[in-house]
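Single-letter residue listing:
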Amino acid sequence: MSDFTTKEIGQIFKDLETSDTGLDSSEALQRQARSGRNEIDSSDGPHPWRIFVDQFKSFIIYILLFAVVFAMAIGEYVDSLIIIIIVAVNGAIGFFQELSAAKSLAALKRMTTVQATVHRDGRWHKLEAAELVPGDIVRLAAGEKVPADCRLFTDAVFAVEEASLTGESLPVEKTSAAMPVQAALAEQRNMVFSSTAVVSGNATAVVVKTGMETEIGIITRLVKEAEEEMTPLQKRLNSFGRRLGVVIIAVCVLVLLATCAKEILAGQGLTRELFISVAFIAISLAVAAVPTALPAVVTIALSIGVKRLLARKALVRKLSAVETLGSCDVICSDKTGTITQNQMTVRRVWTFDQEYHFEGGGYDPEVGALDLDQVPCVIQAGFFCNNATLFEEKGEWRITGNPTEAALLVSTAKCGFEEEGKRLAELPFDSTRKRMSVLVARNSGEEMFSKGGADGLLDSCSHALVGGEIVELDSEMRQQIGVRIDHYASQAMRVLAFAWKELKGRHDFVEENLVFVGLQAMIDPPRPEVSAALSLCRRAGVRVIMITGDYPETARAIGEEVGIIGGVLTGAQMDSLDDGELDSALDRGVNVFARVVPEHKQRIVTMLQQQKHTVAMTGDGVNDAPALKKANIGIAVGSGTDVAKEAADFVLIDDSFAHIVGAIEEGRGIYDNIQKSIMLLLSGNLGEVLIVFLAVIFGMNLPLTAVMLLWINMVTDGAPALAYSVDGYNDRIMERPPKPKDEGILPWDKLMLLLVLGVVGTAIALALFIFWGGSGDDGRLDMARTMVFSFVVCYEMVLVFVIRQGYGVRFFSNPLIWLSVVVSVALQALMLYTPLAQYFDVVPLGQVDLLFLGAASLLFYLLAVCYMGGSRMWQSRHLVRP
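Because the structure is a prediction, the values reported are computed rather than measured. (Residues numbered from 1 in each chain as written. Predicted model: local features only at pLDDT ≥ 70, side-chain atom pairs only at ≥ 80, totals over all residues. Heavy atoms only, no water.)

Once that is clear, we can look at the overall build of the protein. Secondary structure assignment for the protein yields 31 helices and 26 strands. In the protein, which comprises 882 residues, the proportion classed as buried is 55%. Sequence-distant contacts in the protein: of pairs separated by 6 or more residues, those separated by 24 or more amount to 73%. Carbon and sulfur atoms make up 57% of the accessible area of the protein, which amounts to about 36,800 Å² in all. (Helix = DSSP H or I, 4+ residues; strand = E, 2+ residues; numbered from the N terminus. Buried < 20%, exposed > 50% of the residue type's maximum accessible area, 1.4 Å probe, protein only. Contact = heavy atoms within 4.5 Å. Areas by Shrake-Rupley, 256 points an atom, 1.4 Å probe, with all protein chains shown as cover.)

Before going further, it helps to examine the environment of L757. Tracing the sequence through the fold places L757 in helix α27 (residues 748-771). A relative accessible area of 1% means that L757 is categorised as buried. Once the C-alpha coordinates of L757 and V802 are considered, the two residues, 45 residues apart in sequence, prove to be 9.7 Å apart. Residues contacting L757, with those up to four places away along its chain left out, are S683, Y795, L799, V802, F860 and A864.

Moving on, we come to the packing of aromatic side chains. As enumerated under the stated definition, the model contains 17 aromatic pairs in all. Between F13 and F153, the ring centres sit 5.3 Å apart and the planes meet at 80°, which makes this aromatic pair edge-to-face. Here F13, found in helix α2 (residues 9-16), pairs with F153, found in strand β4 (residues 149-161); they are 140 residues apart in sequence, far enough to count as distant. Judged by its relative accessible area of 12%, F13 falls in the buried class. With a centroid separation of 5.1 Å and an interplanar angle of 25°, the aromatic rings of F384 and F449 are classed as stacked. (Phe/Tyr/Trp six-rings, centres within 6.5 Å; stacked < 30°, edge-to-face > 60°.)

Before going further, it helps to examine unusual backbone geometry. One non-glycine residue with positive phi stands out, namely S444, at about 60°. Within the secondary structure, S444 sits in the loop between β15 (435-442) and β16 (445-452). Despite not being glycine, A492 shows a phi value in the positive range, around 65°. Here A492 is to be found in the loop between α16 (475-490) and β19 (494-502).

All right, on to the sheet that holds strand β8 (residues 314-316) then. Pairing is mixed across the open sheet formed by eight strands, whose spatial order is β8-β26-β25-β24-β9-β21-β23-β22. Of all strands in the sheet, those with a lone pairing partner are β8 and β22 (567-570), marking the two edges. Pairwise comparison of adjacent strand axes, ignoring direction, gives a mean angle of 20° for this sheet. As defined by bridge partners, β22 adjoins strand β23 (residues 590-594) across four bridges and the pair is classed as parallel. Directly across from T570, in β23, lies its bridge partner A594. Helix-sheet contacts for helix α20 (residues 579-587) involve β21 (543-547), β22 and β23, and the interaxial angle to β23 is about 120°. (Pairing = 2+ DSSP bridges. Axes fitted to C-alpha atoms, helices over the stretch in contact; angles between N-to-C directions.)

Here the focus is a nonpolar patch on the surface. Together, W748, M752, L755, V759 and W874 line one region of the surface with nonpolar side chains, adding up to about 490 Å² of accessible area. Here the nonpolar patch gets four residues from one element, more than from any other, and that element is α27. Among the secondary structure elements, V759 is positioned in helix α27. Judged by relative accessible area, which is 42%, V759 ranks as partly exposed. (Patch = residues over 30% accessible without salt bridge, like charges linked within 9 Å, V, L, I, M, F, W, Y side chains within 5 Å. Salt bridge = Lys/Arg side-chain N within 4 Å of Asp/Glu carboxyl O.)

Side chains of nonpolar character tend, in soluble globular proteins, to be buried together. The biggest cluster of nonpolar side chains holds 144 residues, and the ones touching the most others in it are L325, L473, I481, F516, F650, L704 and F789. In terms of residue count, the dominant contributor to this core is helix α24 (residues 658-697) (18 residues). Among the nonpolar cores identified, the runner-up in size contains 39 residues, and F153, V208, M574 and V590 belong to it. (Core = buried A, V, L, I, M, F, W, Y, C linked by side-chain atoms within 4.5 Å.)

A separate point is the environment of D649. Positionally, D649 belongs in the loop between α23 (642-647) and β26 (650-652). Distance from D649 to G634, taken between C-alpha atoms, is 5.0 Å for residues 15 residues apart in sequence. Beyond its immediate sequence surroundings of up to four residues, D649 is in contact with L315, V316, R317, K318, A321, N632, I633 and G634.

Taken N-terminus to C-terminus, the directions of helix α17 (residues 530-539) and α24 make an angle of 30°; their axes are 8 Å apart at the nearest point. Taken as axis vectors, α17 and α24 run roughly parallel relative to one another. Two packed elements cross with a definite hand, and for α17 against α24 that hand is left-handed. Contacts from A533, L536 and C537 of α17 reach α24 at A658, V661 and I664. (Parallel < 35°, antiparallel > 145°, perpendicular 65-115°, else oblique. Left-handed = near helix turned anticlockwise from the far one by under 90°.)

On to the confidence of the model for the protein, then. Across the protein, pLDDT averages 83, with 86% of residues at or above 70. Under a pLDDT of 50 for its full length, residues 104-112 has, in the predicted model, 24 contacts with residues more than four places off or in other chains. (pLDDT = per-residue confidence, 0-100.)

An ideal rise of 1.5 Å per residue puts 18 Å on 13 residues; helix α21 (residues 598-610) measures up with 18 Å between its terminal C-alpha atoms. Turning to α21, its buried residues number three or more, namely P598, H600, K601, Q602, I604, V605, M607, L608 and Q609. Directly beyond the C-terminal end of α21, a positive phi value near 70° is found at K612. (Expected span 1.5 Å × (residues − 1).)

Throughout the structure, instances matching the rule amount to 29 salt bridges. As a salt-bridge pair, R595 and E187 come within 2.3 Å of each other at their nearest N and O atoms. One end of the pair, R595, is in the loop between β23 and α21; the other, E187, is in the loop between β5 (172-173) and β6 (191-192), and 408 residues separate them in sequence. For R595, a relative accessible area of 15% translates into the label buried. Put simply, E511 and R435 hold a salt bridge, and the shortest N to O gap is 3.0 Å. One end of the pair, E511, is in the loop between β19 and β20 (514-523); the other, R435, is in strand β15, and 76 residues separate them in sequence.

It is worth spelling out α24 at this point. Its 40 residues give α24 an end-to-end C-alpha distance of 57 Å, which sits within 8% of 58 Å, the value for a rise of 1.5 Å per residue. Positive phi shows up at G699, right after α24, with a value of about 70°.

In this section: the packing of α27 against helix α28 (residues 781-806). Running from N to C, α27 and α28 point in directions that differ by 155°, and their axes come no closer than 9 Å. Between α27 and α28, the angle falls in the class roughly antiparallel. Seen along the crossing, α27 lies across α28 with a hand that is right-handed. From α27, K750, L757, G758, G761, I764, A765, L768 and F769 reach across to α28, where they touch L781, A784, R785, M787, V788, F791, Y795, L799, V802 and G806. For the contact of α27 with α28, the residue count by class is 13 nonpolar, three polar and two charged. (Nonpolar A, V, L, I, M, F, W, Y, C, P; charged D, E, K, R; others polar.)

Set out below in structure tokens:
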């Protein structure tokens, strides 16, 4: 693009083999055959079949399917069917959730149908933008979308809104003059870019780039090339599944070998029937060891999280990404429209008599209204020197025209000024004069109002309005104005000067001998809720980095206002740094990046990921899309571009940065609930495995049969684990740091708790087994097994509350937990005291048996609570992070 900015227009016409009259239709068709249609390549999103297959890409699923094959091989078809149903239901839930999200964001299918005014065959035509080719001559006017990347060659007071592409919050004034040197994208004043919007004036331009060669096309290509990272949950579950698989295989092989060795040493030969029997025990143990309900629990927890996030105005596009915000420790946020309102607002009005402070932000004229006896002339000047409109639609205030002029209308309305004159003529703004003047008829005479940049307008002023009197504007007063302008500029405000004079006749409608009446300083203000949201992020240990295409002074001022403290680095400065120096800059606390392009954003995200951070990226513009996709979690705002939404994992429905904090809280809660489910399932499974394993090692009868293991694993502990999916969160969940990226699905303290609970439960179960005569051959084996079987069910129900207690969740906050426990106990009772007992080789328990069972469960609970209390005390004394 830089070649087109520095060349004279005649040379560009020569390079493109065109002229100011454009192309003929035959030449345009030939060029289209070479360069292609002016469209952005886009896919239709992931195919439903791929979405479905992705639901089964989990090591735990592979283990379950492996268990299905073995179970079928030894004739256990019912068990195989149950596991298949669980896996299928899990896959279906995830599939329909993600498919629904994909359909709700049919973004970037092709370039939005844009009409362009094109000069072909010697006259102007209205054509679809897709028909444009390099060399076409187009006419651009206010309110239109720019149809391709173009170089201007005529212009009249021409300004373009480029926020979605560059991050610049103000409309950019354009010129047709060649630039002396190459410039960054945001500085190319004689270029206009596809997908941006014309806000004022008109111009004629030559098309220089179309389709995927445009700036938006290059960004789209970057989005497609960006490598998507697995979410932390996916990584942890995969790692957890692999380790679990190794342990299960090792335990099963050991049990198989130990049992076979025991039978051989006892003098029995290793017959086929004996081997199948022993293999069945080993496979049953494998099925018992695998947390069969875990895939369904994870999927349901994420699905419920999707609904909770939707209630918090966040639409989830990818199910597995729900918990990632809970793990992120860095948020890279765009400024314009995300941290700020993307609505220019007058904050200060200054005259020689008084300074006026305007509260609030945005276009609502009723917020921060002033009660003035007399509206100052500077406000009146802002009203008349204005071509914007302000109107209310469906309860929201909207504008048409230049946002800067709209801000002046709002300040006028806040002062209660009502129109009392009629505009007769206008001297429009141009890049040479840098001011605008209007002729107004009022009070039986004619007056002139002017606005513009302070330097240019003050040169045309000879007097000033002070105390209602017109006085000479001397050097001291000019210096006073300069000090005030510098003060506002240091706060990243854009300053406009205003002047006025009474006309002696139409011949006096010239920009000379004006009376300076004051200044208006404006800024795109932060969203009111952002400061509190950022404060909560800091308490939660989440670093916020602002990345914007805006000027460094503006970025620094906004950052300081909302609480993003740290150094500022520009895109040009980044280009001079190698990766090591950029890494050091990030470590030193550079938290604001200004005047950046998409490649810079990707580089920042990549560098943070190399530092082992889990990075979330927020944004709304086309320029944010590559980094959104590269980040661990991409968050687009609802009013943003389709390109950004396509690249993101989340879409904030109402653009509020504060909802990101709600999403972080939700992500942490979802992760906790998944972790609780894993704790419950593994603690129970560990106890079952240890009971069988130790019994085999010590040559005892098996305390639990294969069918008992399957009953416990698939019937009694599944319901409580699922109930965890809708469990509440700890009230202080946002007052703890994020989880380290290298931390497993269960940190060491949770693993220790799991191990202790499993060992304690195993010890009590084996003690019951021995006490009830399970180690002998005197016919009391069924009773001993029934006691162990029932205790394991009870101890897993106790685990439900012990684990919740460890997460600080209120005891009675989840009725489904209590219901699931009641259902599980009822099912166990149904099996013990009905004819079903004969299929499980169990016997009914008497009152004494039940009393001992209750005492054993209470003992388990007390030991567990004691350990947890002691562990917390030790951690508080020896660890910084609990």
